[in-house]
Amino acid sequence: MVEQKRAVIIGGGIGGLATAIALLQAGWQVRVFERAPKIEAVGAGLTLWHNAIKAMDSLGLGEVLLKHSLEGLHGGIMDWRGKLLLKIADPQQFGIDGPLMIGLHRADLHAMLAEALPPGVLQTGAQFDRFTQDRNGVMAFFADGHVEQGDLLIGADGLRSKVRSQLFGFQEPVYSGQAAWRAVIPASAINLREPVGFEAWGHGELFGMVPLSKEQIYWFAAVNRPLGSQDPPEGRKAELLSIFAGWLDPVERLIEATPEAKILRNDIFDRDPINAWSSGRVVLLGDAAHPMCPNLGQGACQALEDAVVLGQELRRSADLSEALQSYERRRVKRANQILLASRQMKNLTHVPYSWACFLRDQTLQILPNRIQTSQIKSVIGV
C-alpha cells in the first residue's frame, strides 16, 4: 500500500483553503495552519472574474459560488462626473457561458472554502515561525513549540510571507502610492432602484461600487497618498466626503450611508515579480508569490488559479520536484504578467494631472471593442 503524502499549508486565507481542497482531491493528506485565533467574517467585497469562477468549479464549488453572488460592473467605467468612458464587453463576446465577473463578500467566499474541508484540517491560532527541510521531508515550527512534519510545505501566508522571506530573503513590499477605503452596507441603506456596478476615475482618485447580493452593496475608493498617511482628526468618513464631493450619484450617498466604524482603510502594496516560487519541498502560492494591486480585481482570482494548478500537477506526477517545476512553468509567467498589468492599470487610473486625465478619458471613449476584448481575454485566460 502506497503511503499517502502529506502537505503542510501555512496560511488559511482564500489561497490556502483552496489549495487544501485541491490537494485533498489529488489524494494528499493536508493540514492548514492559520495564525488568526478564529475564523471571522472580516474584509469587505471582492470581484471574481471568469477565470476564478472556473477555478471554483474545478474545486466543486461553482454552483454554490453563483448562488451567493451577483454579476458586477454592468455600468462600466465612468469619469468622476458620470460620463461613460468604457462599457464592459458582453460575456458572449468571449465565448463563455455564465457571467464574465461576479461580486461577493470576501467572508462568504472564505466560508465556502472552509466549509468544504473535513473537520480537523484547518487549525487556527497557529503562529508559524520557520521551517527546515531535507531529502526526507519538511518540518514547520510554530511559536507555541508545535512541530508539523510533511512531504511538502506551501507558503500561502500573504503579502508579508515568512515562508517567502526564508526562501528568498527578506524584502519590504513595494508601496503603490495609494491608500484604499472599503465598506459593505445594506442595500436598504441607500435608495437605488437597481444597483449597478461601476467604477469612476478622477484625477488621482477612484471610486467603485459592486452589488454583492440583493441585500448588500460593496463600495471602494482609492486615492494617491504618501506612505504612512494617517486618518485626519475628523475621521475617515468626513475625509472621503470631502475628497468625493460633487462626484456622480450615488458616490456621496454611499459614503454618507456608511457608519464610520464600517469603513476599512489600508495602504496598497505589491512586490516585484520573481521567477522562482519554490526550493526543494517548499513552494509559494497566492499573495506570498505574487501580491498585486487590486486594479484588475485579480488577486483572489490568481490565488484560486494557483491552487487548482498545483493540485493538478501533484495529482499528475508522483515526483514532487517534477510537479513543482510544472506548477511554476504553468503559473509564474502568467501571474507575473497579471501583476505587472495591475501596476499599469493602477498608473492609468490614478493619473494626477488634469491634461493627462483628459487624454486618458478621450482615448477610452474611442477604444475599439476588439482591443478591450483582447485585453480582457488575456486576463481571464480565454
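For the structure, check the block above.
A. Spatial organisation of the overall build of the protein chain. When helices and strands are counted, the protein chain shows 11 helices and 19 strands. The C-alpha radius of gyration of the protein chain comes to 21 Å, within 12% of the 21 Å expected for a compact globule of 382 residues. On the principal axes, the C-alpha backbone points of the protein chain span a range of 65 × 50 × 35 Å. In the protein chain, which comprises 382 residues, the share counted as buried stands at 54%. Within the protein chain, residue pairs in contact and separated by at least 24 positions form 74% of the contacts whose partners lie at least 6 positions apart. A total accessible area of about 17,600 Å² is found for the protein chain, and carbon and sulfur atoms account for 51% of it.

B. Molecular detail of the sheet that holds strand β4 (residues 70–71). The antiparallel open sheet is built from three strands, whose spatial order is β3-β7-β4. Single-partner strands in this sheet number two, and they are β3 (45–49) and β4. Bridging between β3 and strand β7 (residues 101–105) involves five bridges; their strand directions are antiparallel. Bridge pairing links T47 to G103 in β7.

C. Examining the sheet that holds strand β12 (residues 152–155) more closely. Spatial strand order, β8-β2-β1-β12-β19-β18: six strands in an open sheet with mixed pairing. One side of each edge strand has no neighbouring strand; the edge strands of this open sheet are β8 (122–123) and β18 (278–279). Those strands touched by helix α9 (residues 320–349) are β12, β18 and β19 (282–284), and its axis lies near 15° from that of β19.

D. Looking closely at the packing of aromatic side chains. Scanning all chains against the criterion turns up 10 aromatic pairs. Residues Y218 and F220 carry aromatic rings whose centres are separated by 5.4 Å and whose planes lie at 35° to one another, so their mutual orientation is tilted. The exposure class of Y218 is buried, given its relative accessible area of 8%. Residue F220 is classed as buried on the basis of its relative accessible area, which comes to 17%. Centre to centre, the rings of Y353 and W355 are 6.4 Å apart; their planes meet at 15°, and the pair counts as stacked. Take Y353 and W355: they sit in the same class, and that class is exposed. A network of ring pairs unites the aromatic residues W80, F207, W219, F244 and W247 as a single cluster. For R130, the ring lying beneath its charged end belongs to F141, and the centroid distance is 4.1 Å.

E. Structural detail: the side chain of Q178. By secondary structure assignment, the location of Q178 is in strand β13 (residues 174–186). Overall, Q178 belongs to the buried group, its relative accessible area being 1%. Only 2.6 Å separates the side chain of Q178 from the side chain of H350, close enough to count as a polar contact. When near neighbours in sequence (up to four residues on either side) are disregarded, Q178 contacts V223, N224, R225, D267, I268, N295, K346, T349 and H350.

F. Representation of the pattern of salt bridges within the structure. Across all of its chains, the model carries 19 salt bridges by this definition. Here R130 makes a salt bridge to D129, at a shortest N to O gap of 3.6 Å. Salt-bridge contacts for R265 lead to D231; the nearest nitrogen and oxygen are separated by 3.4 Å. With R265 in strand β17 (residues 264–270) and D231 in the loop between β16 (216–224) and α6 (236–243), this pair connects stretches of sequence that are 34 residues apart. Given a relative accessible area of 18%, R265 falls into the buried group. For D231, a relative accessible area of 31% gives the class partly exposed. Because the salt bridges share partners, they merge into one network encompassing D231, R236, R265 and D267.

G. Up close: the packing of helix α8 (residues 299–316) against α9. Viewed as axis vectors pointing N to C, α8 and α9 meet at an angle of 160°, and their least axial separation amounts to 8 Å. The angle between the axes of α8 and α9 places the two elements in the roughly antiparallel class. Here α8 runs over α9; the crossing is right-handed. Taken together, the residues of α9 that come into contact with α8 (itself represented by Q302, E305, D306, V309, L310, Q312, E313, L314 and R316) are L320, E322, A323, L324, S326, Y327, R330, R331, R334, A335 and I338. Taken together, the residues of the contact of α8 with α9 sort by class into nine nonpolar, three polar and eight charged.

H. A look at the pairing of β12. Residues L152 and I154 point to one face of β12 and L153 and G155 to the other, with burial holding for every one of them. Both strand β1 (residues 6–10) and β12 contribute to a ladder of four bridges, which runs parallel. The partner of A7 across the bridge, within β12, is L152. Where β12 meets β19, three bridges bridge the pair, whose relative direction is parallel. Each bridged residue has a counterpart across the sheet, and for G155 the counterpart in β19 is L284.

I. A look at a nonpolar patch on the surface. Residues Y353, W355, F358 and L359 make up a contiguous nonpolar surface patch of roughly 520 Å² in combined accessible area. By secondary structure assignment, the location of W355 is in helix α10 (residues 354–365). A relative accessible area of 60% places W355 in the exposed class.

About the criteria used
Residues numbered from 1 in each chain as written. Predicted model: local features only at pLDDT ≥ 70, side-chain atom pairs only at ≥ 80, totals over all residues. Heavy atoms only, no water. Helix = DSSP H or I, 4+ residues; strand = E, 2+ residues; numbered from the N terminus. Rg over C-alpha atoms; globule rule 2.2 N^0.38 Å. Buried < 20%, exposed > 50% of the residue type's maximum accessible area, 1.4 Å probe, protein only. Contact = heavy atoms within 4.5 Å. Areas by Shrake-Rupley, 256 points an atom, 1.4 Å probe, with all protein chains shown as cover. Pairing = 2+ DSSP bridges. Axes fitted to C-alpha atoms, helices over the stretch in contact; angles between N-to-C directions. Phe/Tyr/Trp six-rings, centres within 6.5 Å; stacked < 30°, edge-to-face > 60°. Lys NZ or Arg CZ within 6 Å of the ring centre and 35° of its normal. Polar contact = N/O pair within 3.5 Å; in protein donor to acceptor, adjacent residues only side chain to side chain. Salt bridge = Lys/Arg side-chain N within 4 Å of Asp/Glu carboxyl O. Parallel < 35°, antiparallel > 145°, perpendicular 65-115°, else oblique. Left-handed = near helix turned anticlockwise from the far one by under 90°. Nonpolar A, V, L, I, M, F, W, Y, C, P; charged D, E, K, R; others polar. Patch = residues over 30% accessible without salt bridge, like charges linked within 9 Å, V, L, I, M, F, W, Y side chains within 5 Å.

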